[in-house]
Amino acid sequence: MNKNHNSNIKQTEANNNQNSDLIKTEVLLGFGSNLGDRRGFIEQGWAAVCGLVGVEAVCISSLIETQAVGGELNQPDFLNAAGLIRTTLLPEILLDRLQEIENSFGRIRTVRWGARTLDIDILLYGNSIINTNRLKVPHPLMFQRNFVLIPASEIAPEMILTVANTHGIILENF
Ligand code: AMP
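Since this is a predicted model, take the numbers as computed values, not measurements.

What counts and how
Residues numbered from 1 in each chain as written. Predicted model: local features only at pLDDT ≥ 70, side-chain atom pairs only at ≥ 80, totals over all residues. Helix = DSSP H or I, 4+ residues; strand = E, 2+ residues; numbered from the N terminus. Contact = placed C-beta atoms within 7 Å. Near = placed C-beta within 6 Å. Nonpolar A, V, L, I, M, F, W, Y, C, P; charged D, E, K, R; others polar. Core = buried A, V, L, I, M, F, W, Y, C linked by C-beta atoms within 7 Å. Buried ≥ 20, exposed ≤ 12 C-beta atoms within 10 Å, placed from the backbone. Pairing = 2+ DSSP bridges. pLDDT = per-residue confidence, 0-100.

**Some details on the overall build of the chain**
When helices and strands are tallied, the chain shows five helices and seven strands. For the chain, the succession of helices and strands along the chain, N to C, is α-β-α-β-β-β-α-β-β-β-α-α. Relative to all contacts within the chain whose residues are 6 or more apart in sequence, the contacts with residues 24 or more apart total 72%.

**Observations concerning the site of the ligand**
If you check the shell around the ligand, you find Leu 95, Asp 119, Asp 121, Ile 122, Arg 134, Leu 135, Lys 136, Val 137 and His 139 and nothing else. At the level of secondary structure, the elements contributing two or more residues to the shell around the ligand comprise strand 5 (119-125) and strand 7 (136-137). When residues in the shell around the ligand are grouped by element, the largest group, three residues, is from strand 5. Split by residue class, the shell around the ligand holds four nonpolar, one polar and four charged.

**Regarding the nonpolar core**
In this structure, Val 27, Leu 28, Leu 29, Ile 122, Leu 123, Leu 124 and Ala 152 are the most contacted members of the largest nonpolar core, which totals 34 residues. Taken together, the elements giving at least two residues each to this core come down to strand 1 (25-33), helix 2 (38-50), strand 4 (78-87), helix 3 (91-104), strand 5, helix 4 (146-155) and helix 5 (157-167). Counting residues per element, this core draws most heavily on strand 5, which supplies five residues. Contact partners of Leu 28, with chain neighbours within four places excluded, come to Ala 82, Leu 84, Leu 123, Leu 124, Ala 152, Ala 156 and Met 159.

**Describing helix 4**
Turning to helix 4, its buried residues number three or more, namely Phe 147, Val 148, Leu 149, Pro 151 and Ala 152. On its buried side, helix 4 packs onto strand 1, strand 3 (64-66), strand 4, strand 5 and helix 5.

**Brief notes about the pairing of strand 5**
Most of strand 5 sits out of view: seven of its seven residues are buried. In terms of strand pairing, strand 1 meets strand 5 through six bridges, oriented antiparallel. The partner of Leu 29 across the bridge, within strand 5, is Ile 122.

**Some details on the environment of Leu 84**
Locating Leu 84 in the fold gives a position in strand 4. Judged by the 19 C-beta atoms lying within 10 Å of it, Leu 84 is partly exposed. When the C-alpha atoms of Leu 84 and Leu 124 are compared, they prove to be 9.5 Å apart, with 40 residues separating the residues in sequence. Contact partners of Leu 84, with chain neighbours within four places excluded, come to Glu 26, Leu 28, Val 58, Cys 59, Ile 155 and Ala 156.

**Quick notes on the confidence of the model for the chain**
A residue-level look at the chain finds 84% of positions with pLDDT of 70 or above and a mean pLDDT of 87. Helix 1 (residues 3-16) is the least confidently modelled element of the chain, averaging 50 in pLDDT, while strand 2 (residues 55-60) averages 98, the highest of any element. Residue range residues 1-11 is modelled with pLDDT below 50. Its contacts to residues more than four positions away, or to other chains, number one contact.

**Considerations on the pairing of strand 1**
Within strand 1, seven of the nine residues are buried, which leaves it mostly tucked inside the rest of the structure. Of the strand pairs in this sheet, strand 1 and strand 4 are connected by nine bridges, and their pairing is antiparallel. For Thr 25, the partnering residue across the bridge sits in strand 4 and is Thr 87.

**Quick word on the environment of Ile 120**
Take Ile 120: it is sitting in strand 5. Taking the number of C-beta atoms within 10 Å as the measure of exposure, Ile 120 has 24 and is therefore buried. Spatially, the C-alpha atom of Ile 120 lies 9.2 Å from that of Trp 46, the residues being 74 residues apart in sequence. With near-sequence residues (within four places) excluded, Ile 120 lies in contact with Leu 29, Phe 31, Gly 45, Leu 98, Ile 101 and Glu 102.

Here you go:
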């Protein structure tokens, strides 16, 4: 098998992960950490996302600190932020990449809503509604949780309003 053929296969695999026209979709991400170097994990996680093939950084919000909601009792407080990217990656491929990044920060999924070094959620993927086994977008809790909505609305208020208006989602206190 010659070298060109091999590189063609790689090229094809790379393209299969992306939408066919390589259209960039704006995607709003939520970041959270409540273990160890929380600020460092969020900053490095954002840098890792921005370094992905097929991802272009737009901006990241300020950090917000809140008490943990749900899950284990007496968890350390969370730092949260939102990040806006433009990407050609298809939603579930993006989720794969984000989970690889979470895992590289030592995230182990034990308890739902348990303490975590780095959590990255897809909050909005353009104006899409996605409802698969692995992926629900808009993220089901984003409109109810201020620690998600406050940083998200700092960087993408129009995107949030457009999605809410299009899909009849009522935003209280927005
Ligand atoms: P969490 O513990 O909050 O990180 O939840 C992770 C699980 O939520 C994974 O199994 C994902 O497949 C699933 N999931 C569903 N919708 C989303 C979303 N919008 N963003 C990230 N993970 C999601």
